[in-house]
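Below are the chains, spelled out letter by letter.
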Amino acid sequence: MENSIKLKTNVKCAACVATIKPAMDSLPAEHWEVDLKSPDRILTVQGNVDPETIKKALEKSGYKGESI
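Please read these numbers as outputs of a predicted model, since none were measured by experiment.

Conventions used here
- Residues numbered from 1 in each chain as written.
- Predicted model: local features only at pLDDT ≥ 70, side-chain atom pairs only at ≥ 80, totals over all residues.
- Heavy atoms only, no water.
- Salt bridge = Lys/Arg side-chain N within 4 Å of Asp/Glu carboxyl O.
- Helix = DSSP H or I, 4+ residues; strand = E, 2+ residues; numbered from the N terminus.
- Buried < 20%, exposed > 50% of the residue type's maximum accessible area, 1.4 Å probe, protein only.

Chemist: Can you walk me through the pattern of salt bridges in this structure?
Modeler: Charged atoms that come close allow side chains of opposite charge to pair. Counting across every chain of the model gives 3 salt bridges. A salt bridge links D40 to K8, with the shortest nitrogen-to-oxygen separation between them at 3.7 Å. Of this pair, D40 sits in the loop between β2 (31-35) and β3 (42-46) while K8 is found in strand β1 (residues 4-9), placing the two residues 32 residues apart along the sequence. Overall, K8 belongs to the partly exposed group, its relative accessible area being 34%. Between K21 and D25 there is a salt bridge whose closest N-O contact spans 2.5 Å. Linking K21 with D25, this pair stays in helix α1 (residues 14-25), spanning 4 residues, or about one helical turn.

Printed below as a string of structure tokens:
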């Protein structure tokens, strides 16, 4: 069964999503997406990925993630 991890982020727009795309694509995740319609800009990552690994990938791209 795959995990689904949700993080509150400071990713604001489609250009921001494009900025984090290389880092997110490098994760061993099956799927990821940012809900830009949510006020909390929720990043959902599906797969067996440690939340700290996701946070570090976001930080390398200049963004932050907070577990919810």
